[in-house]
Amino acid sequence: MNLTPISLKLTRIMQTLLPPRRLLLILLIIAFVVIGCNNGEKADDGSTILVFKHGKIAGDPEEFIKLLKKFENENPGIKVRDETLPASTDEQHQFYVINLEGKSSDFDVMSMDVIWVPEFAKAGWIRDLSHLPDEEEKKDFFPGPMKAVTYGGRLYAIPWYIDAGILYYRKDLLGKYGFSPPETWDELVKISLYIMKREKEIYGFLWQGKQYEGLVCNVLEYFWGNGGDVLRSGEVVIDGKENIYALKFMRDLIVKYKISPPLVTTAIEEPTRHLFGNGKAVFMRNWPYAWNIFEKEGSPVKGKVGVALLPSFIEGYSASTLGGWQLGVNRYSRHPGEAEKLIKFLSQPESQKTLALTIGYKPSRKSLYDDAELKRAQPFVASLYEVFMKARPRPVTPYYVMITQVMQPEFSAAISGIKTPEQALESASKQIKHILKAEE
Ligand code: GLC
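As a convention, each chain's residues are numbered from 1 in the sequence order in which they are written. pLDDT decides what is reported in this predicted model: residues at 70 or higher carry local features, side-chain atom pairs at 80 or more are listed and counted, and totals for whole chains, interfaces and linings draw on all residues regardless. Heavy atoms throughout the structure, all of them, feed into the side-chain values; hydrogens and water do not.

Caption draft 1: Structural context of the sheet that holds strand E11 (residues 281-286). Pairs of strands are assigned from DSSP output, requiring at least two bridges between the strands. Secondary structure is summarised from DSSP: a helix means a run of H or I of at least four residues, a strand means a run of E of at least two, and numbering begins at the N terminus for each. Across the sheet, which stays open at both edges, the four strands sit in the order E8-E11-E7-E12 with mixed pairing between neighbours. Each edge of the open sheet is held by one strand with a lone partner, namely strand E8 (203-206) and strand E12 (305-308). Taking the axes of each pair of neighbouring strands and ignoring which way they run, one obtains an average angle of 15° across the sheet. Where strand E7 (residues 166-170) lies against E12, four bridges are found, and the strand directions are antiparallel. To obtain an axis, a line is fitted to C-alpha atoms, over the contacting stretch when the element is a helix, and the angle between two such axes runs from 0 to 180 degrees between their N-to-C directions.

And the structure:
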């Protein structure tokens, strides 16, 4: 243990105040606490302990733990301690910013949202991983996440699993009343109203409307589905009339059509997944992970759920927000070599396939969408290939988090009726222009 000058001073003061045996005991306790907190710690058998931080696993994490055990068996001398962060991406981001700003070496491998990599790379918080995948492998990853992990021509993370917004619907109920999945938002409203009238205690449409990153993912899908956007060729176009219409429609889902309950304004992914999974709604917008959970033995909606592209306002404009998580190495890690080994292992085709089959994380490698076993087990996976190819990224810039922190409260104010969509978008536009100008 290294004693700092302060620790030495303290020791001297205590020496004059305490009998030697009690002093020894206190010093032993302090040493235990200091060593215990120190990264670079070894397991009992002398193995290196690699700390892997990731968001909460939706569903049963058992298979994930098995996969980490497999890595340990294949890599004697490395033990993985997986540490779970909250499910919300915003809270995870906050954790990383605080700790990386403080140059923390308490974790080695980190799972990063697709929107963070340029920011973290610019700040110098993550290691360059350009050498990890070979050229052939690089071509196999979906283009959206590859773009998101590239900064200044270098690769700062490896795409781990991919996400895109999709529409879940009750196949049994749509079939019972003779409907096909809706292609426009108006159709979704009509079908919801029709079924809500005839089925007891069922919501029409659930989505994520809490003031957080998920709300931005939802809102952008309506903007794009109406021909709108946030930035166009570097210009801020967020207050365009297509977006005003789209945001107003989202508020109408709650107050005019009443097909979405007011609870959506405080909901993130999991509460909506629980409600839909308990048979309480006709439609839900969510990420693909939910499907595996709906199909589990004992699930009230097993065999009753269909998946479709999100509706749009204009025919052919259906758009999904690109999501997903990437693996990177903390710049301050004391075990970068071991960290790279874990990243290689978790992102290899075999591990991605296991995660797809067990916890529903969709592979970031295109070739797996041709895998016969995966297709047999999850027929809908193959249909997601096109969705992932076309999924639209949120603005790819190191300033994205600043931009989203402007959008989140403004969007939330509009869907909760605190501001009109015009007021909210005008205010967002002013603030985003300000950010971009300041960062020029
Ligand atoms: C999912 C997506 C992520 C997105 C988040 C929003 O985790 O993968 O990209 O930011 O949801 O809640």
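Caption draft 2: Spotlight on the site of the ligand. Near the ligand, the surroundings consist of 13 residues, among which Asp-113, Asp-163, Glu-269, Gly-324 and Arg-394 are the closest. Whenever two N or O atoms come within 3.5 Å, that pair is a polar contact, provided that in protein one can donate a hydrogen and the other can accept it, and provided that, for residues adjacent in sequence, both atoms are side-chain atoms. Between Asp-163 and the ligand, the recorded distance is 2.5 Å, taken from a side-chain N or O atom to an oxygen atom. At a separation of 3.0 Å, an oxygen atom of the ligand approaches a polar side-chain atom of Trp-325. Residue burial considers only the protein chains on display, and all accessible areas are found by Shrake-Rupley using a 1.4 Å probe. Computed on the free molecule, the ligand has an accessible area of 310 Å², of which 92% lies beneath the protein chains in the complex. For the ligand, the cavity whose grid points lie within 2 Å of the majority of its atoms is the largest pocket. Elements represented by at least two residues in the shell around the ligand include exactly helix H10 (213-224) and strand E13 (322-329). Being near a molecule or strand, for a residue, comes down to having at least one heavy atom within 4 Å of it. Note on definitions: the grid is 1 Å and covers protein atoms alone; a cavity is a set of points where a 1.4 Å probe fits but cannot get out; a pocket is an open set with protein on both sides within 12 Å along at least five of seven lines; lining residues have an atom within 4 Å of a point. Should more than half of a molecule's atoms lie within 2 Å of a pocket's or cavity's grid points, that molecule is taken to sit in it.

Caption draft 3: Region of the structure containing the packing of aromatic side chains. Pairing of aromatic rings covers Phe, Tyr and the six-membered ring of Trp, with a centre-to-centre limit of 6.5 Å; geometry is then stacked below 30 degrees between planes, edge-to-face above 60, and tilted otherwise. Following the criterion strictly, the structure yields 37 aromatic pairs and no others. Pairing Tyr-222 with Phe-313 gives two aromatic rings, centres 6.4 Å apart and planes at 50°, and the pair type is tilted. One end of the pair, Tyr-222, is in helix H10; the other, Phe-313, is in the loop between E12 and E13, and 91 residues separate them in sequence. A residue is classified by how much of its surface remains accessible, and Tyr-222, at 2% relative accessible area, is buried. By way of ring pairs, the aromatic residues Phe-95, Tyr-96, Phe-107, Trp-116, Phe-120, Trp-125 and Trp-325 are connected into one cluster. In this analysis the charged atom, NZ for Lys or CZ for Arg, is taken to sit over a ring once it is within 6 Å of the ring centre and within 35 degrees of the ring normal. The ring of Tyr-194 carries Arg-198 above its face, with NZ or CZ at 3.6 Å from the centroid. Burial status follows relative accessibility: with a 1.4 Å probe on protein chains alone, a residue under 20% of its type maximum counts as buried, one over 50% as exposed, and anything between as partly exposed.

Caption draft 4: Local environment of the pattern of salt bridges. By definition, a salt bridge exists where a carboxyl oxygen of Asp or Glu is found within 4 Å of a side-chain nitrogen of Lys or Arg. Counted by the stated rule, this structure contains 23 salt bridges. Among the salt bridges present, the one from Asp-252 reaches Lys-248, with a minimum N-O distance of 3.3 Å. Of this pair, Asp-252 and Lys-248 both sit in helix H11 (residues 241-255), separated by four residues, roughly a single helical turn. With relative accessibility at 11%, the residue Asp-252 sits in the buried group. Here Lys-248 falls in the partly exposed class, since its relative accessible area comes to 44%.

Caption draft 5: Structural view of the sheet that holds strand E1 (residues 48-55). Within the open sheet, the six strands sit side by side as E2-E1-E3-E13-E6-E14. Their pairing is mixed. Only two strands of the sheet have a single neighbouring strand rather than two, namely strand E2 (78-85) and strand E14 (362-363). Relative to E13, strand E3 (residues 109-113) runs antiparallel, the two sharing five bridges. Each bridged residue has a counterpart across the sheet, and for Asp-113 the counterpart in E13 is Trp-325. Strand contacts of helix H3 (residues 62-74): E1, E2 and strand E6 (158-164), with the helix running at about 155° to E2, the strand carrying the most contacts. Contacts: residue pairs with any heavy atoms within 4.5 Å of one another. Along the sheet face, helix H14 (residues 336-347) touches E1, E2, E3, E6 and E13 and points at about 145° away from the line of E13.

Caption draft 6: Structural context of the environment of Pro-288. Here Pro-288 shows up in the loop between E11 and helix H13 (290-294). What makes Pro-288 buried here is its relative accessible area of 0%. In sequence terms Pro-288 and Gln-408 are 120 residues apart; their C-alpha atoms lie 23 Å from each other. For Pro-288, the contacting residues outside a window of four places in its chain are Asp-163, Ala-164, Ile-166, Tyr-168, Lys-362, Phe-380, Leu-384 and Phe-388.

Caption draft 7: Quick look at the layout of surface pockets. Grid points are joined across faces, edges and corners, and a volume is the space filled by probe spheres set on the points. Quantified by volume, the largest pocket comes out at close to 540 Å³. Forming the walls of the largest pocket are 32 residues, and the residues nearest its centre are Ala-87, Tyr-161, Asp-163, Glu-269 and Trp-325. Sorting elements by how many residues they give to the lining of the largest pocket places E6 first, with four residues. Across the lining of the largest pocket, the residue classes tally to 14 nonpolar, 10 polar and eight charged. Approximately 260 Å³ is the volume attributed to the second largest pocket. Lining the second largest pocket are 14 residues, and of these Leu-309, Ser-318, Glu-386, Val-387 and Lys-390 lie nearest its centre. Those elements giving two or more residues to the lining of the second largest pocket turn out to be E12 and helix H17 (379-390). Sorting elements by how many residues they give to the lining of the second largest pocket places H17 first, with five residues. Residue classes follow a fixed rule: Ala, Val, Leu, Ile, Met, Phe, Trp, Tyr, Cys and Pro count as nonpolar, while Asp, Glu, Lys and Arg count as charged, and any other residue, Gly among them, counts as polar.

Caption draft 8: Representation of empty space enclosed by the protein. On inspection of all chains with the given rule, the structure shows three cavities of 30 Å³ or more. There is about 80 Å³ of room inside the largest cavity. If you go around the largest cavity, the residues you meet are Val-114, Ile-115, Pro-118, Ala-148, Leu-322, Pro-393, Arg-394, Pro-395, Val-396 and Thr-397. Among the residues forming the lining of the largest cavity, the class breakdown is eight nonpolar, one polar and one charged.

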